[in-house]
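# Inside the fold
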Amino acid sequence: MRTMKAAVFVGPGKIVLEEKPVPKVGFGDALIRVTTTTICGTDVHILKGEYPVAPGLTIGHEPVGVIEELGPGVTGYEIGQRVVAGAITPCGQCHTCLDGHTSQCGGKPIGGWRFGNTIDGCQAEYVLVPNAMANMEPVPEGLTDEQVLMCPDIMSTGFSGAESGNIRIGDTVAIFAQGPIGLCATAGAKLKGATKIIAVDGIPERLAMSRRLGADEIINFNQADPITEIMRLTDGKGVDVAIEALGTQRTFESCLRVLKPGGVLSSLGVYSGKLTLPVDAFAAGLGDHKIVTTLCPGGKERMRRLMNVVASGRADLKPLVTHRFRLDQIEEAYDLFANQRDGVLKVAITP
Ligand SMILES: [Zn+2]
Ligand SMILES: [Zn+2]
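The following paragraphs examine the structure supplied in this document.

Scoring rules and cut-offs
- Residues numbered from 1 in each chain as written.
- Chains lettered and ligands numbered in written order.
- Predicted model: local features only at pLDDT ≥ 70, side-chain atom pairs only at ≥ 80, totals over all residues.
- Heavy atoms only, no water.
- Helix = DSSP H or I, 4+ residues; strand = E, 2+ residues; numbered from the N terminus.
- Buried < 20%, exposed > 50% of the residue type's maximum accessible area, 1.4 Å probe, protein only.
- Contact = heavy atoms within 4.5 Å.
- Lys, Arg positive; Asp, Glu negative; His and termini not counted.
- Charge placed at Lys NZ, Arg CZ, Asp CG, Glu CD.
- Donors = N, O, S within 2.8 Å, 3.2 Å for Na, K, Ca; no water.
- Tetrahedral: all angles 85-135°; square planar, octahedral: opposite > 155°, others 65-115°.
- Expected span 1.5 Å × (residues − 1).
- Salt bridge = Lys/Arg side-chain N within 4 Å of Asp/Glu carboxyl O.
- Pairing = 2+ DSSP bridges.
- Axes fitted to C-alpha atoms, helices over the stretch in contact; angles between N-to-C directions.

### Regarding the overall build of the protein chain
Helix and strand counts for the protein chain stand at 11 helices and 15 strands. Counting only C-alpha atoms, the protein chain reaches 65 × 40 × 40 Å along its principal axes. Put simply, the protein chain has 351 residues, and 54% of those count as buried. Across the protein chain, the fraction of contacts at a sequence separation of at least 24, relative to all contacts at a separation of at least 6, is 68%. Here the protein chain carries 34 positive and 38 negative side-chain charges, and the mean point of each set is 3 Å from the other.

### Some points on the coordination of the zinc ion (ligand 2)
Here the zinc ion (ligand 2) is held by Cys-91 (SG), Cys-94 (SG), Cys-97 (SG) and Cys-105 (SG), and the distances to it run 2.3 to 2.4 Å. Coordination geometry of the zinc ion (ligand 2): the 4 donor atoms subtend angles of 101 to 117° at the metal centre, consistent with an arrangement described as tetrahedral. Read N to C, the donor residues that coordinate the zinc ion (ligand 2) are spaced as C-x2-C-x2-C-x7-C. Here the residue Cys-94 occupies a position in the loop between strand S5 (82-85) and helix H2 (95-98), and Cys-105 occupies one in the loop between H2 and strand S6 (126-129), the gap between them amounting to 11 residues. In this structure, Cys-94 and Cys-105 share a single accessibility class: buried.

### Side note on the coordination of the zinc ion (ligand 1)
Protein coordination of the zinc ion (ligand 1) is provided by Cys-40 (SG), His-61 (NE2) and Asp-153 (OD), with donor distances spanning 1.7 to 2.2 Å. Within one chain, the residues serving as donors to the zinc ion (ligand 1) are arranged as C-x20-H-x91-D. Separated by 21 residues along the polypeptide, Cys-40 in the loop between strand S3 (30-36) and helix H1 (41-47) and His-61 in the loop between H1 and strand S4 (64-70) bring together distant segments of the chain. Classification of His-61 as buried rests on a relative accessible area of 2%.

### Re helix H6 (residues 180-192)
The end-to-end C-alpha distance of H6, which contains 13 residues, comes to 18 Å, matching closely the 18 Å that a straight helix rising 1.5 Å per residue would cover. For H6, the tally of buried residues reaches 10 of 13 residues, placing the bulk of the element in the interior. Along H6, the positions that sit buried rather than exposed are Pro-180, Ile-181, Gly-182, Leu-183, Cys-184, Ala-185, Thr-186, Ala-187, Gly-188 and Ala-189. The secondary structure elements touched by the buried residues of H6 are helix H5 (151-164), strand S8 (172-176), strand S9 (196-201), helix H7 (204-213), strand S11 (239-244) and strand S15 (346-350). Phi turns positive one or two residues past the end of H6, at Gly-193, with a value near 105°.

### Comments concerning the side chain of Asp-43
Within the fold, Asp-43 resides in helix H1. One buried charge, Asp-43, has no salt-bridge partner; the nearest side chain with opposite charge is Lys-346, at 6.7 Å. Non-local contacts of Asp-43, meaning those with residues more than four positions away in its chain, are made with Ile-15, Thr-38, Ile-59, Gly-60, His-61, Glu-62, Gln-123 and Tyr-334.

### Details of the sheet that holds strand S12 (residues 259-267)
An order of S10-S9-S8-S11-S12-S13 is seen for the 6 strands of this open sheet, with the pairing classed as parallel. Looking at strand neighbours, the two that pair on one side only are strand S10 (217-220) and strand S13 (290-293), the edges of this open sheet. Adjacent strand axes in the sheet meet at a mean angle of 15° when their direction is disregarded. Pairing analysis gives 5 bridges linking S8 to S9, with the strands arranged parallel. Across the sheet, Val-173 pairs through a bridge with Ile-197, a residue of S9.

### A closer look at the pattern of salt bridges
The tally for this structure, following the rule as stated, stands at 17 salt bridges. The residue Arg-305 makes a salt bridge to Glu-301 at a minimum N-O spacing of 3.0 Å. One end of the pair is Arg-305 and the other is Glu-301, both in helix H10 (residues 300-312) and 4 residues apart, which spans about a single turn. What makes Arg-305 partly exposed here is its relative accessible area of 49%. Residue Glu-301 is classed as partly exposed on the basis of its relative accessible area, which comes to 37%.

### Points about the environment of Leu-143
Locating Leu-143 in the fold gives a position in the loop between strand S7 (136-138) and helix H4 (145-148). The spatial distance from the C-alpha of Leu-143 to the C-alpha of Gly-273 is 41 Å, given a sequence separation of 130 residues. Leave out the neighbours within four places in its chain, and Leu-143 touches Arg-82, Val-148, Met-307, Val-310 and Ala-311.

Here's what the structure looks like:
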């Protein structure tokens, strides 16, 4: 039996590198030899026991790699081809997918998120891609692994915050939190044509990066009250679109408090516990506000579009990769990433 190294969730506080069998390829599947992957904030929630997954599961949902084996029924690809698969792997055939909600594949909330959630993920030497023909997209010639490493999740998620918010040319947009997802939302807002982008965070390095990716104004919440500042910057009018990129009551509520009547609150964060809605900021329910939520869009067509953005140079997210580790150093990488040490934004992991 062939074995491989894989980062496995053992229990809260414990993700360790273990030897596991290389997955067997079934109908419609493909086996990818992972060449680069990364760690997501969601993986840290799993590590801390805040998001439950089965012990023994391989973690990770952001694969870049090379096709090692194709299962029966998979056509249109070649062994050795460089590919990306999204963090979300829809089947592309169920009612929910065909209804345009591929992230909710199967009609269950978050049903499209399988890697490192309901099936083995990609922080490993190999990963099995289900419904490979719906999910694998060849990497265009000339793009490096690190250039496309953000496509499977944070670029797709961050951009979707701007897309779901229906940002129009000339809009003013506020983005709360400038972690990797918020930074990608900033880049997405710029691509969508926002002409005043206000980014909020408490870490100077992150605010500096958000300027680089398109923010026109930055607010450090340790130095100024973001709500007062945003209302001042918009002459008391509020913003057209507020993007929530953290998943806390405070950031959600702040988004609502800076939103103009008729504006859109586009929520990307993962909330826990209870989320309450202050009626004063919500105009008692009569302000024509819209609240939209989005889970990272996946599937090969999404990956194709995102890689087009990278290839065209319209957005350069490679600077988000601040640290590099080998797969056998992954426990060290988790420690750095989970504790946000050393200005870390994203880590590249190479098996
Ligand atoms: Zn993720
Ligand atoms: Zn589906």
